[in-house]
Amino acid sequence: MKTNFLRQAPELSHLKPEQGEIIDFTVQTPMAALKIVMIIPTYNERDNISSMIDALQAQAKKLLHDMHILVVDDNSPDGTADVVRTKQAAYPNVHLLMGEKAGLGAAYIRGMVHAMDKLHADVVFEMDADFSHKPEDVPRLMAAIDQGADFVIGSRYVKGGSIPKEWGLLRRMNSLGGNIVGRYVAGLYKIRDCTAGFRAIKTSLLGKVVFDDLRVQGYAFQVALLHKAVSLGASIKEVPVDFVDRTAGESKLGISDIIEFILNAWWIRLHSSKTFIKFAIVGLSGVIVNLGVFTLLLQADVNKYLASPISIEVSIITNFLLNNYWTFRWRKSQDRVRIKGLKFNVVSLVSLGVSYSTFIALSVLFPETHPVIHQLIGIAPAMFINYFLNSYWTFKHAPESGN
Ligand code: GDD
Ligand code: MN
């Protein structure tokens, strides 16, 4: 870490220890130099890519990190790759990854896999080649990573950020519409700019994403990846940026990207509400089982103070089985069913306690009311606790599975 620090920050080399002097760099630089890979997808960006690489090299000098540039080119017919190759002769930190044209998302996925597996990146950036994203903003996005964020968005729609003044109504509506769909259809309510293409992501987070599961090829990738990051519990930060219109070349956003974008947002919505609906159905079945068993036991002259916990326990077991084999079936847990069952039981004890004490309190307070009413009311707080503890503990995603 100490040597890295000096290598990456030659202007600070006066801090080199004098002969025999001991300087603790861990105190002066609490952060270790990280390997950053700037992923730049290109399709016909011959007129932009050379100056973009130069501009990024200038920014690299300002960072206390090790910056590399990975251009992901899809055999651009305009010869973008040749320009990159001449740059590679001058800069050893420029990499080129070629492939067939399959869309912006597909290019990013290829680039991210390469950056992680081959270049061993700690942080990757997504950035356009066309100067819509200002290279001068790179250090600010990186600073947010240094401060602990996993996923940093160069955001046009937070205070201090902006879209170009010259954008016409159609372009504004298009961008606004994309964000509304992303936020309210895909459920990314808290994010102001969820279609942004200027982002910094830690690979400790990115490594958990199973790219095949995103099922996107085009611009929908931005929302799909962001949604995955949110569901993996990533710390997300929006840093304001000014988006600049490109001066050279043209946008590659096509109608198929827009269609895929909208379909993807609805798919995300359907998928997450499906889990929610299943959970609610299981909960309802639990209520029926609980009250059914309770009524049967009362009819069999079992004391109500014994009948209550027995029927609660029976419904907890049926809830576990249904949630495990149905609701959360897709969540790949590292735990065996036995362990999950054990966790569910611990949670059950807590919710049984809550439900039973509510029942006792109500029976004492309102002795005239039918015990089934008390039993029913007791279910509500217990189910609430059940949901959260089981969703975030028992059926928690295994980070390694990335699902
Ligand atoms: N390799 C590859 N393959 N690169 C591509 C492809 C592709 O199929 N499609 C686009 N690119 C490259 C472009 O050459 C450019 O460097 C970058 O990806 C962004 O493409 P633009 O065509 O300039 O996108 P835009 O300006 O319309 O959209 C920008 O804003 C959107 C949000 O409004 C981008 O930043 C998007 O990512 C972002 O979602
Ligand atoms: Mn652009």
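Given the structure is predicted, the values throughout are model-derived calculations rather than measurements. (Residues numbered from 1 in each chain as written. Chains lettered and ligands numbered in written order. Predicted model: local features only at pLDDT ≥ 70, side-chain atom pairs only at ≥ 80, totals over all residues. Heavy atoms only, no water.)

### What to know about the overall build of the protein
Assigned secondary structure in the protein consists of 14 helices and 7 strands. Relative to the 2.2 N^0.38 estimate, which gives 22 Å for 403 residues, the radius of gyration of the protein is 28 Å and therefore markedly larger than a compact globule would have. Dimensions along the principal axes, computed over C-alpha positions, put the protein at roughly 90 × 65 × 35 Å. When burial is assessed residue by residue, the protein has 47% of its 403 residues classed as buried. Total accessible area on the protein stands at roughly 20,200 Å², and carbon and sulfur atoms take up 63% of it. Counting 42 positive and 37 negative side-chain charges, the protein places the centres of these two groups 5 Å from one another. (Helix = DSSP H or I, 4+ residues; strand = E, 2+ residues; numbered from the N terminus. Rg over C-alpha atoms; globule rule 2.2 N^0.38 Å. Buried < 20%, exposed > 50% of the residue type's maximum accessible area, 1.4 Å probe, protein only. Areas by Shrake-Rupley, 256 points an atom, 1.4 Å probe, with all protein chains shown as cover. Lys, Arg positive; Asp, Glu negative; His and termini not counted. Charge placed at Lys NZ, Arg CZ, Asp CG, Glu CD.)

### Brief notes about the site of ligand 1
Neighbouring ligand 1 are 24 residues; Glu45, Lys101, Thr195, Ser251 and Lys252 lie closest to it. A distance of 2.7 Å separates a nitrogen atom of ligand 1 from a polar atom in the side chain of aspartate 74. For ligand 1, an oxygen atom lies 2.6 Å from a polar atom in the side chain of serine 251. When ligand 1 is considered free in solution it has 750 Å² of accessible area, and contact with the protein chains removes 95% of it. The residue makeup of the shell around ligand 1, split by class, is 9 nonpolar, 7 polar and 8 charged. (Near = heavy atom within 4 Å. Polar contact = N/O pair within 3.5 Å; in protein donor to acceptor, adjacent residues only side chain to side chain. Nonpolar A, V, L, I, M, F, W, Y, C, P; charged D, E, K, R; others polar.)

### Describing helix α11 (residues 255-299)
The terminal C-alpha atoms of α11, which comprises 45 residues, lie 65 Å apart, in line with the 66 Å expected from a rise of 1.5 Å per residue. At the C-terminal side of α11, aspartate 301 shows a positive phi close to 65 degrees. (Expected span 1.5 Å × (residues − 1).)

### A word on the packing of aromatic side chains
The tally for this structure, following the rule as stated, stands at 9 aromatic pairs. Ring plane angle 55 degrees and centroid distance 4.8 Å describe the contact between phenylalanine 320 and phenylalanine 344, whose orientation is recorded as tilted. Here phenylalanine 320 is found in helix α12 (residues 304-327), whereas its partner phenylalanine 344 is found in helix α13 (residues 337-365), with 24 residues between them in sequence. By the burial criterion, phenylalanine 320 is buried, and phenylalanine 344 matches it. Through a chain of ring-to-ring contacts, three or more aromatic side chains come together here, namely Phe320, Phe328, Phe344 and Phe395. Here the guanidinium or amino end of lysine 101 rests over the ring plane of tyrosine 43, the centre of that ring lying 4.5 Å away. For arginine 156, the ring lying beneath its charged end belongs to phenylalanine 243, and the centroid distance is 5.2 Å. (Phe/Tyr/Trp six-rings, centres within 6.5 Å; stacked < 30°, edge-to-face > 60°. Lys NZ or Arg CZ within 6 Å of the ring centre and 35° of its normal.)

### Concerning the nonpolar core
Core analysis: the largest hydrophobic core is formed by 43 residues, its most contacted members being Ile39, Met112, Val124, Phe211 and Leu225. Looking at this core, the element that brings in the most residues is helix α5 (residues 104-117), giving 7 residues. If we skip the residues at most four places from it in the chain, methionine 112 touches Ile39, Val124, Glu126, Ile201, Leu206, Phe211, Phe221 and Leu225. Met38, Met67, Ala149 and Phe198 belong to the second largest nonpolar core, which has 30 residues in total. (Core = buried A, V, L, I, M, F, W, Y, C linked by side-chain atoms within 4.5 Å. Contact = heavy atoms within 4.5 Å.)

### Looking at the domain arrangement of the protein
As far as domains go, the protein holds domain 1 (35-271) and domain 2 (274-394). Spacing between the C-alpha centres of domain 1 and domain 2 amounts to 46 Å. (Domains from an automatic or database assignment.)

### Topic: the pattern of salt bridges
One pass over the full model with this rule turns up 14 salt bridges. For arginine 246, the salt bridge is made with glutamate 45, and the minimal N-O distance between the two is 2.9 Å. With arginine 246 in the loop between β7 (236-240) and α11 and glutamate 45 in the loop between β1 (35-42) and α3 (46-60), this residue pair connects regions lying 201 residues apart in the sequence. Taken as a pair, arginine 246 and glutamate 45 share a single burial class, namely buried. Its salt-bridge partner being arginine 46, residue aspartate 47 comes within 3.7 Å of it at the nearest N-O pair. Look at aspartate 47 and you get exposed, because its relative accessible area is 54%. We classify arginine 46 as partly exposed; its relative accessible area is 44%. Within this structure, Glu45, Asp130, Arg246 and Lys252 form a network of salt bridges that share partners. (Salt bridge = Lys/Arg side-chain N within 4 Å of Asp/Glu carboxyl O.)

### Quick notes on the packing of α3 against helix α4 (residues 80-90)
It is the contact of α3 with α4, at a shortest axis distance of 8 Å, that shows an interaxial angle of 25 degrees. Taken together, the axis directions place α3 and α4 in an arrangement best described as roughly parallel. Once α3 is placed against α4, the crossing between them reads as right-handed. Taken together, the residues of α4 that come into contact with α3 (itself represented by Arg46, Ile49, Ser50, Ile53 and Asp54) are Thr80, Val83, Val84 and Lys87. Partitioned by chemical class, the residues of the contact of α3 with α4 number 4 nonpolar, 2 polar and 3 charged. (Axes fitted to C-alpha atoms, helices over the stretch in contact; angles between N-to-C directions. Parallel < 35°, antiparallel > 145°, perpendicular 65-115°, else oblique. Left-handed = near helix turned anticlockwise from the far one by under 90°.)

### Digging into the packing of α13 against helix α14 (residues 371-394)
Contact pair α13 / α14: the axes reach a minimum separation of 8 Å and the direction vectors enclose 150 degrees. In terms of orientation, α13 and α14 fall into the roughly antiparallel class. Considering only the axes of α13 and α14, their crossing is right-handed. The class makeup of the residues in the contact of α13 with α14 is 15 nonpolar, 10 polar and 2 charged.

### Looking at the environment of alanine 382
Inspection of the secondary structure assignment puts alanine 382 in helix α14. With 31 residues separating them along the chain, alanine 382 and serine 351 place their C-alpha atoms 4.5 Å apart.

### Quick word on the sheet that holds strand β3 (residues 94-98)
Pairing in this open sheet of 7 strands is mixed, and the strands run β3-β2-β1-β4-β6-β5-β7 from one edge to the other. One side of each edge strand has no neighbouring strand; the edge strands of this open sheet are β3 and β7. The sheet shows a mean angle of 20 degrees between the axes of neighbouring strands, direction not considered. By the bridge criterion, 4 bridges tie β1 to strand β4 (residues 123-126) in an arrangement that is parallel. Across the sheet, valine 37 pairs through a bridge with valine 124, a residue of β4. (Pairing = 2+ DSSP bridges.)

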